[in-house]
Structures are given as C-alpha cells and as structure tokens.
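# Structural features, examined
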Amino acid sequence: MGKFINPFTDVGFKRIFGQEFSKPVLIAFLNGLLKDERCIVDVKFLDKEQVRITDSDRSLIYDIYCETDTGEHIIVEMQNKFQPYFKQRSIYYLSRSIVEQGERGSEWNYDIKAVYLVAFLNFKLTDISNEFRSDVALMDMKRLTVFSDKVRLIYLQLPYFTKEADDCKNTFERIIYALKHMDILQRMPWAAQDAVFKRLSEIAEVSSLDKEERRQYDESLRHYRDTLVVMEGQFMEGEAKGRAEGRAEGRAEGRAEGRAEGRAEGEHKGRMDIARNLKAMGLSIDDIVKASGLTADEVAAL
C-alpha cells in the first residue's frame, strides 16, 4: 500500500475532487485549466443521478458535477477503461446538463449557462488526437471562429503527459503530475511552497482515512485492480485463441499445404484479435501495427 491514495479509483477520485474540504484543489485545477478564460472563486457540488446503460459500461467511470460561482456547470470525469463510443457518450452527458437548465413557463428565454465537460482519460483515445489536451467547442466552420461558448469538451489523455516534476511550469501541470504519480510518491512535491499541494497531501494520505473510509477505499482499489486484470486476461485469451485455431485448422487439413494455410490463417486471425484488443485499449495505429504485424489499413478497418 502506497503512502497516497490511488486517484484512479472511485474513492480516490471523489476524495481529491468531490468533497467540501477538497475545494481548493478542484478550484486550482479548474482555474489552471481555464486560465485567461475563467476565474473561479467558489464551486458547489451538484447531487445529480447519472443515467447508466449498464453497470459494465461505467465500471471505471467516475463523475463530479459542480457549478461555479458565476453559474457555469462543470462535469469532471475520470475514465480508466476504453469505451468505443466515448465521444458520443460525453456529448450526451454534456447535453443533458444543458437541457436540465430549462425552466417551465413563457418567461424563460433560454438563458443557459455554459457547460464544460473535463475528461481525464487514463488511456489513449486515438480518434481524438495524439496530444495530452484536446479542446472541443461549437465553431463556425467557414470562418473558423467560436459559434457559441456555451458548450466545451476538454479531453486530457494522461498517457501523453510525460513531463517530469522539474519540467512542470504551473499549478495545472503540477496537479496533473501529482495525480499521475500519486500512488508511488513518498512525499507530495511542492507541498512546502504551495498551499494547494499541502491540502492535496493532507487529503490524499492513506493514513488520513478513518476506518470506514479505509474500508471503502480498499474495496474501490480492489475493484480497480480486478478490472484491469480482467482486461489483461481478455487480451491474453484472444492471443491464445488465435494461435490455437491456427494449429487446429492446420491439423484438420492433413496436408502440408493445408497445414501451412491453416497456420497462416490462424496466425493472421490471432494478429487480428491482438490488434482488436490493443485498439480497444487505446493504443495508436502505429503501435498496433508494430505489435501485430498487420498493415495500417487492416488495423483501421477493425
């Protein structure tokens, strides 16, 4: 057990970003994220029921809903598990937050507040970009100008954040660094110089959890680890299945040519299964090509 909680668990994420005593960390993060756009003084947490399609679809997805002092709605989300339709899903949840602002009666004139969805992705979502941060807004495609500032999606792909502690130049980058390395840190960097990181250290120390919080954290950590093991097992199973089918097809032919063709077909199917699993885990097409031996076109068609 590390000194600090794992922020990629349900309990860890909500403890760091979703409680009253963690507000300074959340506000510092949002102000760093929206620097020169918004200056957030306070937030309040919104208790909203989430729509779920199935439990498995949200097995490693955690949400924090909050509202700024000027009325903007912000959804901060952590997703650990690749989901093929994540972009569509994020648009759906952002849209729901807009619709819920509607008021009955003729007096309301569609005075909606801006809604931001900030998604931490603990994997690579290659159909967004190959960069750490991607900002999406409504735009006029001809003039390349912002059409409305009421909708904003910000995707933070943590695998692409590779800065070391000494390379982090501002509070936002330092928070990202701390989150990414928290479960292996022996001390919280910058805690002596910055009140935000002192608070983060106090919040995130495992020793600061009471008995019930520790029980809940241990359970969420077990669930997090079990899910990752299942994902790895599915990858290994697909790889083994492809090899076995190749050998079986080769034996059934009973001829050298048949065996060769069977092996080739089985190996190709095995590579296809491997590539399909790697793609589901968010690896880039280039990386999948190198790992599987398939062509870029074959990978893109999966």
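Going by the structure above, here's the rest.
My aim in this report is to walk through the structure given alongside it, one point at a time. Being a predicted model, the structure only gives us computed values, none of them experimental.

The next point concerns the overall build of the chain. Helix and strand content of the chain: nine helices and six strands. Restricting to contacts in the chain with at least 6 residues of sequence separation, those with at least 24 account for 59%. Total accessible area on the chain is roughly 16800 Å²; 51% of this is exposed by carbon and sulfur atoms.

The next point concerns the packing of helix H2 (residues 23-33) against helix H5 (residues 195-204). Packing of H2 against H5 leaves a shortest axis separation of 9 Å and a crossing angle of 130°. It follows from the interaxial angle that H2 and H5 lie oblique. Crossing angle aside, the handedness with which H2 passes H5 is left-handed. In this structure, H2 uses Pro24, Val25 and Ala28 to contact H5, whose residues at the interface are Val196, Arg199, Leu200 and Ile203. Tallied by class, the residues present in the contact of H2 with H5 amount to six nonpolar, no polar and one charged.

So, on to the pattern of salt bridges. A side chain with one charge can pair with a side chain of the opposite charge if their charged atoms come near. Within the structure shown, the criterion is met by 17 salt bridges. The partner of aspartate 127 in a salt bridge is lysine 87, and the shortest N-O contact between them spans 3.9 Å. Here lysine 87 lies in helix H3 (residues 86-99) and aspartate 127 lies in the loop between strand S4 (115-121) and strand S5 (133-140), a separation of 40 residues in the sequence. A residue is classified by how much of its surface remains accessible, and aspartate 127, at 44% relative accessible area, is partly exposed. Between arginine 215 and glutamate 212 there is a salt bridge, and its shortest N-O distance comes to 2.7 Å. Taken as a pair, arginine 215 and glutamate 212 lie in helix H6 (residues 211-253) at a separation of three residues, close to a single helical turn. A relative accessible area of 48% means that arginine 215 is categorised as partly exposed.

Let's shift gears to H2. A turn of α-helix holds 3.6 residues, and therefore any two residues three or four places apart point the same way. For H2, a buried count of eight out of 11 residues is recorded, marking the element as mostly surrounded by other parts of the structure. Turning to H2, its buried residues are Lys23, Val25, Leu26, Ile27, Ala28, Phe29, Leu30 and Leu33.

The next point concerns the environment of alanine 300. Residue position: alanine 300 is located in helix H9 (residues 296-301). When the C-alpha positions of alanine 300 and alanine 275 are compared, they lie 9.9 Å apart, and in sequence the two are 25 residues distant. Beyond its immediate sequence surroundings of up to four residues, alanine 300 is in contact with Lys279 and Ile285.

As a further point, take the packing of H2 against helix H4 (residues 171-181). Viewed as axis vectors pointing N to C, H2 and H4 meet at an angle of 125°, and their least axial separation amounts to 8 Å. By the angle class used here, H2 and H4 are oblique. Crossing hand, H2 versus H4: left-handed. Residues Val25, Ala28, Phe29, Gly32 and Leu33 of H2 touch H4, and the partners they reach there are Thr171, Phe172, Ile175 and Ile176. Here the contact of H2 with H4 is composed, by residue class, of seven nonpolar, two polar and no charged.

This part covers the environment of isoleucine 64. Tracing the backbone through its elements, the reader meets isoleucine 64 in strand S2 (residues 61-68). With relative accessibility at 6%, the residue isoleucine 64 sits in the buried group. A sequence separation of 18 residues divides isoleucine 64 from leucine 46, and the C-alpha atoms of the two residues are 8.1 Å apart. For isoleucine 64, the residues in contact, after removing those within four places along its chain, are Phe13, Lys14, Phe17, Gly18, Phe45, Ile74, Ile75 and Val76.

What H4 keeps buried is the set Phe172, Glu173, Ile175, Ile176, Tyr177, Ala178 and Leu179. Where H4 is buried, its residues touch helix H1 (10-17), H2, S4, strand S6 (145-157) and H5. Where H4 begins, the side chain of asparagine 170 points an oxygen toward the backbone nitrogen of phenylalanine 172, at a separation of 3.3 Å.

Here the focus is the sheet that holds strand S1 (residues 43-45). Strand pairing in a sheet is mediated by backbone hydrogen bonds. Such pairs are either parallel or antiparallel. If you walk across this open sheet you meet the six strands as S1-S2-S3-S4-S6-S5, and the pairing is mixed. The sheet is open, and its two edges are formed by S1 and S5, each paired on a single side. The sheet shows a mean angle of 25° between the axes of neighbouring strands, taken without regard to direction. Sitting on the sheet, H1 touches S1, S2, strand S3 (73-79) and S4, and the angle it makes with S2 is about 15°. Running at roughly 130° to S6, H3 makes contact with S2, S3, S4 and S6 of the sheet.

With that out of the way, let us pick up the nonpolar core. Counting 53 residues, the largest nonpolar core has Phe17, Phe29, Leu30, Phe120, Leu156 and Ile176 as the members making the most contacts within it. The biggest single contributor to this core is H2, with seven residues. Ignoring any residue separated from it by four or fewer positions in sequence, one finds phenylalanine 120 in contact with Phe13, Phe17, Phe29, Val76, Glu77, Met78, Gln79, Leu156, Leu158, Ile176 and Leu179. Counting residues in hydrophobic clusters, the runner-up holds 16 residues, among them Ile75, Leu94, Ala119 and Leu121.

What counts and what doesn't
- Residues numbered from 1 in each chain as written.
- Predicted model: local features only at pLDDT ≥ 70, side-chain atom pairs only at ≥ 80, totals over all residues.
- Heavy atoms only, no water.
- Helix = DSSP H or I, 4+ residues; strand = E, 2+ residues; numbered from the N terminus.
- Contact = heavy atoms within 4.5 Å.
- Areas by Shrake-Rupley, 256 points an atom, 1.4 Å probe, with all protein chains shown as cover.
- Axes fitted to C-alpha atoms, helices over the stretch in contact; angles between N-to-C directions.
- Parallel < 35°, antiparallel > 145°, perpendicular 65-115°, else oblique.
- Left-handed = near helix turned anticlockwise from the far one by under 90°.
- Nonpolar A, V, L, I, M, F, W, Y, C, P; charged D, E, K, R; others polar.
- Salt bridge = Lys/Arg side-chain N within 4 Å of Asp/Glu carboxyl O.
- Buried < 20%, exposed > 50% of the residue type's maximum accessible area, 1.4 Å probe, protein only.
- Polar contact = N/O pair within 3.5 Å; in protein donor to acceptor, adjacent residues only side chain to side chain.
- Pairing = 2+ DSSP bridges.
- Core = buried A, V, L, I, M, F, W, Y, C linked by side-chain atoms within 4.5 Å.

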